[in-house]
Structure formats: C-alpha cells, structure tokens
Amino acid sequence: MRLDRNELSKAVRMALSMGAVAAVGAVGTAYAQDQNATQTQNNQPQTLQTIVVTGSHIRRVDLETANPVVTVDAAQIQKAGAVTVGDLIQQLPAVTGSPQNTRVNNAGGTGGTFANLRGLGTGRTLVLVDGHRVLDNDLNKVPVEMIERVEVLTDGGAVTYGSDAIGGVINFILKKNYQGAQVTLDYGISDHDDAERKGASFIFGQTSDKGSILAGVDYNKYAPIFAGNRKFSKDALYLYYGNVYAFGSSRTPQAHPYTKAFSPDPLDPDKNTTGSTYAPGTACSSEIATGGTGTSLSDYKCYTGADAYNYQVLNYDLTPQERANAFFKGDYQLTDNVQAYVEYFHNKTTSSYAIAPIPFDANSDGITISKNSIYNPFGVDFGPGGNNPTTFTADRVDANGNSLGITDTWTDNALYNYRTRFTSVGQRKGEYSTVADQGIIGLRGGIGQTSWQWDFNYNYGHNSVDTKLVGDPVYNQAFKNAVGPSMIDPTTGAPICVTTPGDATTVISGCTPLNIFNQADPTVAQQLDAYLATFFFNSMTVQRSYNASVNGTLATLPAGDMQLAVGADYRKLYAHSQVDYLSIINTDPTSPAFGTCSAPQSACSSGLRGGYDVKEAYAELFIPIVKDVPFLKSLNVTLGDRYSKYSLAGSTNNVKIALEWRPIDDLLLRGTVQNVFRAPTLGQLFTSPTGNAPAFNDPCIGLSSTEIAAHSNACQNVPPNATFQQLQGGLSQTTGVVSGSAFTGYPLKPEFGKSFDWGVVYDPHFIPGLSVSADLWRVYLNNTITTIGAQTAANVCFSNNSSPFCGFLHRFPNGQMHYVDQPTVNLGRLDTRGVDMQASYRIPQMSWLPGQFTAWVQGTYLAEYTNVTVPGDPNGQVAHVAGHYYKDYGSYPRVRGQAGLNWNMGPWEASWRAQYIGHEQVGSWNPAENENGESGAQLYSFRVPSIVYNYLEVGYNIEPLNTKLQFGVDNVFDKQPPIFTQSNVLNGDTDVNTYDTIGRFYWARATIKF
C-alpha cells in the first residue's frame, strides 16, 4: 500500500482512534519517527514510505512490525497530570528493579528519574530524542510540552542502536509542524498539605512552506516531604529475629564509647565494678552517656537498643527540586532535496537531599581520641590509635561485689572505638545544581526522484553537576590535636593541647582541647562550628558524535520492495570530576590514614578523568519473502549487522534476524533474535568514589578458628566465635565506597549475550477497535557489568578465597569492617525471561452508552531473573531474584501491570488508571542465596503484599476560550507503601524506588491555546 502524506497522517490517527493507544501506552503498535522524511514542498502528492518505527532504521508503511513498541502520547501524559514524564515511564510494567527517582533521598537527591527496562539496570536502557542519543538518561530533563509521544522498545536494540540498548529503548519524539501558541499552568498538593507542586510552560510554533520552528520554556518546582510527616517512615525500624523494633543508629548525640571487644572489660562503669574489679559476664558491649559532662565513668551506663538515635525523622520522603527548560526545534528547506534542521534543549535542575546530623566514628573517620585527653575518663585510646595491646589485671568478685580471691591478668588487643553524632552543628544536606545542554544540527534530503534518502548530523551533549555538601566537619590536624593529649597548664590553670602527655612545654599553640564526650554542650558546639566546612564537587561529561546514514529501496521483489539502511557513527565521550581538596582520599596503603580524608568518610572522594571513542558501522536489510498466498498473507525477514570498535574495549560484530508472518490480515506472528554487546560506559569507568552506608551482614560472624582459616581473605583479623555485636557493633550497615572501575584498578571488560522475542498481535476485523498482543522474551548476558554491593563482595570472597573481590574488603585489626570498595565490576552471568501481555478495546458507541469509552490493560510476568556471580564455580553465589526484593538488586515482583478506562463526550473527558505491583519476598529462606531479610544472625524472609494505586482525572474543554481545565487525584485511596525496615533499605523503611511515598495527591491544570 502506498500513502501520500495526508493519507499517512489519517492512518496514524485511525490507529489512535481504534484503540491502539492505551491510557499510558499502545498495544503492540508504534507511531512513526519521521525523522528521515524529506519535507519537499510542492503541490503534488508525494509517494512516501517514511515511517521509521523505533527499533529499526528501515522506512516502512506498516505500523505493526517485528519490534514490540509501547507508546505514550502527549494526551496520555496530560491525563496523568505529569509535569515530567519520569514517574509515568517508571510505572510501565516492563520497568522493574528499583530505578532511581525523586523519592530517593539517601544516595539520591539529584532530581533525576531513570528507566530500568526488564530490570537490567538503567545503563542498559538507551534514551533517544527523535532517534538521536542523549548524553544523560534522566527522563525528567526532556520538557513535557515538547513531547509528541514516547516510544518504548521493549526488546533489545543493541544491533540497531549500539551499546546500552540491551534492555530496550526509550525514544522521545518531539512535536513538529506546530502552529500557534500554548500556555499551561499546573498546581498540586498532597493530602498532608506538603509535596506542593507548581508548574508553568509556554510554547510557540510557526510553520510555512519553507520550514517550521518550535520554541518554548518550561518550569516546575516540587516542595519536599519530610519522613517525620509520614507514619510509615517517621521511625528507623529494624527487623531482628522476626520482630520489628523502632531502633536507629548507634551514632547517638550522647557519647557512645565502645570499650568491650573480645575479653572482659575492666573499664565497665556498670554493675559490680569498682576500680579494677569486674564481674564476669556483666561488662557492657558499649556504653552511653546519661548526663553530666561525660568526663566521669559515673556519667555512663550500658548501651541498649532503646538508646539508638532515630535518624529518620529529618530525612526526605520526596526530595525538593526545581527545573527550568528552554527548547528550540526548527527545519528549513534549502532546496527541493535538501533540508537543514536543528534541535536544542537546555535544562537546569536544582535539587537536594537531607539526612541526619553527621555521625562520628573514630575508627571509620581515622581520628584517635587520646587516652591522655583531660576529658577521656576511660584511660584508653579510641580509634586507630587504640589497637595497641594492653595488659590488664583485675580481681574477680561475686554478684554482691565480694572478692573471690582470684586475680586475672590478660592482654586485650581490642580496637576501642568511640561514636557520637554532632547534632549541635545541624543537619547534613547535599545540594545539586545540574546543567544539561543537548544540540543536534544536520542536513537531510533525497537523491533525485528515487526512494533513497540520506541524513548527516552532528550531536553535542554537555552535562555538568555541581554538588555542595553542608553540615560536615573537617577532620584536619587541628581537630586531631584538639582530641589528642591535653592537660591543665600548671601556670595558668587553663586546659591546653600538648604533643607529649604531661609536658606543658610541648603545648600546641592555638589549640583548645575539645570535650568530644559532651558535644551537645554549647561551648563544645561552638568549638565544633569552627571545624565545619562546605565541600564542593563537580562532575562533567561531554559527548560529541557524528552520524551519516542512507536508506531506500534496493530492489523490487514480487512480494514488495527490498529496503536497505546503512550508516556510520563516530562518538567521542569524556568525563572529568573534581573534588574538594579536603575530601581527597588517602590512597597510600602504608599510611595509618589510608582510605580516609580530612572530611567524614561519606564525603571522601577522588577526582578522576578519562574518556574513549567508538567507531561504528551498521546495515539493516528488509526482505519481503512472500505476499498474498494462502496462510502467507505476508512473510518478511529483516537482517541487521553492527560493527563497533571501542578504544578501551576492543571491537565486536553483532547481528540480528527478525521475522514477521501474517497468515491472515488480522494476525501477526513475530520474532527477533540478536546478539547484544555492551562496552563499559564513562560512568562505569571513571565515576569518582563516594561514600555510602549499605546494608550488611558479616559472613564471618560465629566462625571457628578452622573456618576462619578456610576463609582467610574474607575474614582477615576476625577472632574465633565473633558475635554480631563484636563484628558490627550492633549495626546492620557498613561503610561503602562506590566508584568506577578505574579508581580501584579493576580491569573492567565488555559484557555480551543474546536477546530473544517471540510475539503475536491480533486485531480481529469482526471486533472493530480490539487489539491484543503477547510477547515472550528472554535475555542472557555474560560478563555482566554492575556496581558490586558490599554484601555481594563479602559473600563472593567468602565463597572463593582467591576471588579478586577480596581486595575490596578492608578490616580493622580487631576484625571489624572498616569499609568495602564497591567499584563497577564484571559479575558473572544474568538470565531473565518473561511475557508481556496487552489489550485495548474501543467500545462501540451505543444509544444507551453516553460518550465514547476505551478500555485497556497491560502487564508483565517475570518468569526468571537469575544472577550467577561466578559461573562454573560451585561456591559462587546464585541469586534467583524473580519474585524477590534483594538488597543488592531491588524489587522484582513477578507481576506488574496497569489497566484503565478513558471516556469522552463533547467537551468532557475523564480517565481512570490503576497500577498493580505484585507481591514479593524480602530476603530468601535459602541460605545459598546469602540474602537475609533481617539484621539478626538468623536467616529470615518475609512477604510484601501486592498493592494497587488508582489515578483519576477529569477534564473540560471551554472551546470559546480555547481553554482546557483538568483536575485529578493520584493514589486515590491513599495507599501506604509496605514496610521493608532499615534492615533492607536506606530510605523511609520502604523501597522508595518502587512504591509511592506521597500518598493521596490532588492536582489541577489549565491549558490555554492561542
């Protein structure tokens, strides 16, 4: 069939009216990109075959091809009340695995929202604008009012588009040939009177015979939600031995010395202890100050979980963010066969995170609190200087304090630690300012009167992120001196810092001793203020690419035209990060301060720079085999090939074959098999190290001497029969350092595999308006590239004593984990498979049925998601993630879905949409999985129930005023997220990446056209 331009437009509109587009997507049908179409302007109708469906470079008339594509159009974005499309895309059933969004506070707060198709990771989902690569995959940066539709390719596109398209492709198709102007105003607020949202946009377009322009600005702002304002997140909840407790952090505002290690503690100020006597078994694991100045043993008692600090109340459940966009798109017909075009958009996003005041940990922060400080009542060094063997002698006493006539002498090799939280200096905040620019300029046209068309373009992207950390102290030499040896000046009676204990002649000029044991004291707080600093960081990435392509009819066969598309790409990418000089990590392994910096551990980092280039050539051939014979209405084959040469990852050649078979007009059977290849990206190679606090259960707890010897690298320095309290200090977290592979010197390699898709699309002619589709899909990857979790690094090293991951574990001399490197690594093999099912029905209009109704449903069933960390190694960890939430993977419920109903009648329209997230299991009962759902030593797993979110919208079009008013309610029934506890997550006691933390939300919008 041949269509001229008007007929093609009608065909697309007919596909829409027949129910192909659901309220948040199309069922098995996609629109055309049209980015290769030559806009020759004359009065004669053009014979055009210019539909380029996402997933192919071939221009075709067919809307349904071998590529399963879900479409979200501008009208559906409006019905969702979205001012950014990130959350809307994340609700698609094909997206799973806890991708980052604006609800992520701890380890987030950048204002970005990313897609994770098939749960394969956001780095395996390619984001395009009009078929062109964009530098940043943040879905919130594409201005909503410029979007005509979003096409989501749900099978792999690596051969078509290159690396990063393994999980699929999200292609933003921008408006074209727009005529007029439009102003949109938006306001929303939650049922709790927070999360206030304000937005406004203006667009203007003009189209003539020679070309068109479209320009505009867009602005939106979100107010935050504090975790203390939601019942589910106001307390730091922990799961121990099957019970949930409102505990928190052992880094408390009160002084919290840790003096009990692996032998009786003569310094225990609690029960039956007088001087150097002690009662066996009554020593504290650690102490906490109960009042006073903290300089006397009588100021302390044994620490219990009830003394933990609730850090949750000051966190965000929704991070504040503010965005401004400017955009321009234009094209101009230079000659009958040559058109110039340009696309440009600019985004500036400011956002932040807020977490509890800085915790202080002498061990992790590399600070030695001297036993000779005048404020230290314990007589031992705390921190790195506190691991010198100390000999103690004590008399045993009975329960009544009476001497038993037995004297014990022992040497304690414990590393004494000291913890507190500097609440007196205020809350910690991270403030981000992100500036992104993307520009595409090119020429395109036709070759004479043939079907061949060409395109040449240059694509430039620049992304810069400025980060400011507020509320962190500087642990410089002056701070170390202030908590070092001190004494009372015998001449003046004033406290002084000294280098030699007891020697006033070694006074340190300008230093005043710091009573870190009572940081809440106003005088001490004033001293701490002097050590506060604001830390500045910048990360910048740049992409430059050139693309040349040509496509057209290679030959005419009996079944139709054989189409060929060929092209070549050259991309050059560069990343550069700069860190505050106070945050630079000490990388000298012989230094006592190795792994630390002058800032708290969470702010330590290191600047990195690097880049690579890639040269690619690709070809795609569409071959119509048979047409219009019995049971072969059409049979088509598409062959694809892509050759890639990476400067840092070598070369590769990947192929695909796609089959389309229509036994009858109403039925399409399709299948695609292709190689997938993914080279390491800029971020995976050159991301600067940053600190985090991942959930962690030490695998070395409770091991005998023989067992420790068998796992010597994983359990270095760990004593026999060590308890959870001894190795982790009562914490279910450790300190992690997340980085690219270059920082740790890990030799990162490409990953490779295959993807498969077999599908069916049925549009029965005897039921007009009905469309049904189903696709079976499978992806497997070898040498998978991922950021290794702290737990995974420890588990793999524990299973394989010679694993290269053992070098990521850094322990103190007493066996406690100092920190865990979490670089990007190659982590084995990944297999995932499932089925997508979609249907829509445009209900025929009937006299008794007011208005027009369209119903739709779509869902994904995840049959398998298996990750093998060390293939072929019987000791390697195998994670069966489907149906589970695992700390290092995220949420992978087996079933995710959406359903909805659209209605319109005259100026009125309304829509209802429901999102379904199936139940999942947190942790695993299988010990081989190494996924414990709680913080205790016992293995525990629990079930999270399924949840349904409902969304309602109603709109009225005031035609005389060219104005449309809309009102909507999100999360109509105020569904609260399930509780995961802080034993499994870092934010809000729940998986904020997957579940709604806002609650019921009301919004209104006015759109005025001129």
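S.K.: What's the story with the overall build of the protein chain in this structure? I'm lost.
M.R.: Across its full length, the protein chain holds 12 helices and 52 strands. Restricting the contact set of the protein chain to residue pairs at least 6 apart, pairs at least 24 apart contribute 72%. Only carbon and sulfur atoms are counted for the fraction: they give 57% of the accessible area of the protein chain, which is about 37,500 Å².

S.K.: Looking at this model, I keep getting lost on empty space enclosed by the protein. Mind explaining?
M.R.: Over the atoms, a rolled probe matching the size of one water molecule traces out where space is still vacant. In total, this model carries 14 cavities of 30 Å³ or more according to the counting rule given. Of the volumes computed, that of the second largest cavity is approximately 590 Å³. Lining the second largest cavity are 35 residues; nearest its centre among them are D87, Q91, R103, D970 and D996. Put simply, the parts of the chain that give the lining of the second largest cavity at least two residues each are α3 (86–90), β17 (321–335), β47 (908–917) and β50 (947–958). Grouping the amino acids of the lining of the second largest cavity by side-chain chemistry returns 13 nonpolar, 14 polar and eight charged.

S.K.: What am I meant to see in the state of the cysteines here?
M.R.: Between two cysteines, a covalent bond joining their sulfur atoms is known as a disulfide. Enumeration according to the criterion identifies four disulfides in this entry. Here C597 pairs with C604 through a disulfide, and the sulfurs are 2.1 Å apart. Handedness of the C597-C604 disulfide follows from its S-S torsion of about -90°: it is left-handed. There is no split in this pair, since C597 and C604 are both buried.

S.K.: Mind showing me how you'd approach the pattern of salt bridges here?
M.R.: Note on pairing: side chains with opposite charge can pair once their charged atoms come close. Using the criterion set out here, one finds 32 salt bridges in the structure. The residue K234 makes a salt bridge to D235 at a minimum N-O spacing of 3.1 Å. Looking at K234, the relative accessible area reads 34%, which means it is partly exposed. Through salt bridges that share partners, R124, R133, D164, R678 and E751 make up one connected network.

S.K.: What's the story with the confidence of the model for the protein chain in this structure? I'm lost.
M.R.: Low pLDDT means the predicted coordinates in that region are not meant to be read closely. Per-residue pLDDT for the protein chain averages 86, and the proportion of residues at 70 or more is 88%. Every residue in residues 1–49 is under pLDDT 50, and counting partners more than four places away or in other chains gives 143 contacts. Overall, residues 261–282 carries pLDDT values under 50, and its contacts beyond four positions in sequence, including any with other chains, amount to 55 contacts.

S.K.: When you look at the sheet that holds strand β45 (residues 890–892) in this model, what are you seeing that I'm missing?
M.R.: Note on sheets: strands pair through backbone hydrogen bonds, and any given pair is parallel or antiparallel. Pairing is mixed across the open sheet formed by four strands, whose spatial order is β45-β44-β48-β49. The two strands at the open ends of the sheet, each matched to only one other strand, are β45 and β49 (942–944). Direction aside, the axes of adjacent strands within the sheet are offset by 30° on average. In this structure, strand β44 (residues 884–886) lies alongside β45, joined through three bridges in antiparallel fashion. Considered in β45, the bridge of Y886 is made with G890.

S.K.: Just checking my understanding: could you explain the environment of I1008 for this structure?
M.R.: Note that I1008 resides in strand β52 (residues 1001–1009). Exposure remark for I1008: the relative accessible area of 26% places this residue in the partly exposed category. With 51 residues separating them in the primary sequence, I1008 and N957 have C-alpha atoms 9.9 Å apart. With sequence-adjacent residues up to four places away left out, I1008 is seen in contact with A181, Q182, V183, L961, N962 and T963.

S.K.: Would you mind going over helix α7 (residues 522–529) with me for this structure?
M.R.: Since the α-helix packs 3.6 residues into each turn, any two residues three or four apart lie on the same face. If you check which residues of α7 are buried, you get V524, A525 and L528. Within α7, the buried residues cover an arc of 100° as seen down the axis, which keeps them to one side. Of the exposed residues in α7, the ones pointing more than 90 degrees away from its buried face are P522, T523 and Q526. A side-chain oxygen of the first residue of α7 lies 2.9 Å from the backbone nitrogen of T523; this N-cap is D521.

S.K.: Explain unusual backbone geometry here, please?
M.R.: Excluding glycine, most residues fall at negative phi; most peptide bonds, likewise, are trans. With phi around 55°, N177 is a residue other than glycine that occupies positive phi space. Counting through the fold element by element, N177 comes out in the loop between β5 (168–174) and β6 (180–190). One non-glycine residue, N717, adopts positive backbone phi at about 75°. On the secondary structure map, N717 appears in the loop between α9 (705–710) and α10 (724–728).

Conventions adopted
- Residues numbered from 1 in each chain as written.
- Predicted model: local features only at pLDDT ≥ 70, side-chain atom pairs only at ≥ 80, totals over all residues.
- Heavy atoms only, no water.
- Helix = DSSP H or I, 4+ residues; strand = E, 2+ residues; numbered from the N terminus.
- Contact = heavy atoms within 4.5 Å.
- Areas by Shrake-Rupley, 256 points an atom, 1.4 Å probe, with all protein chains shown as cover.
- 1 Å grid on protein atoms, 1.4 Å probe; cavity = no way out; pocket = protein on both sides within 12 Å on 5 of 7 lines; lining within 4 Å.
- Points joined across faces, edges and corners; volume = space filled by probe spheres on them.
- Nonpolar A, V, L, I, M, F, W, Y, C, P; charged D, E, K, R; others polar.
- Disulfide = S-S within 2.5 Å.
- Buried < 20%, exposed > 50% of the residue type's maximum accessible area, 1.4 Å probe, protein only.
- Salt bridge = Lys/Arg side-chain N within 4 Å of Asp/Glu carboxyl O.
- pLDDT = per-residue confidence, 0-100.
- Pairing = 2+ DSSP bridges.
- Axes fitted to C-alpha atoms, helices over the stretch in contact; angles between N-to-C directions.
- Arc of directions from axis to C-beta.
- Polar contact = N/O pair within 3.5 Å; in protein donor to acceptor, adjacent residues only side chain to side chain.

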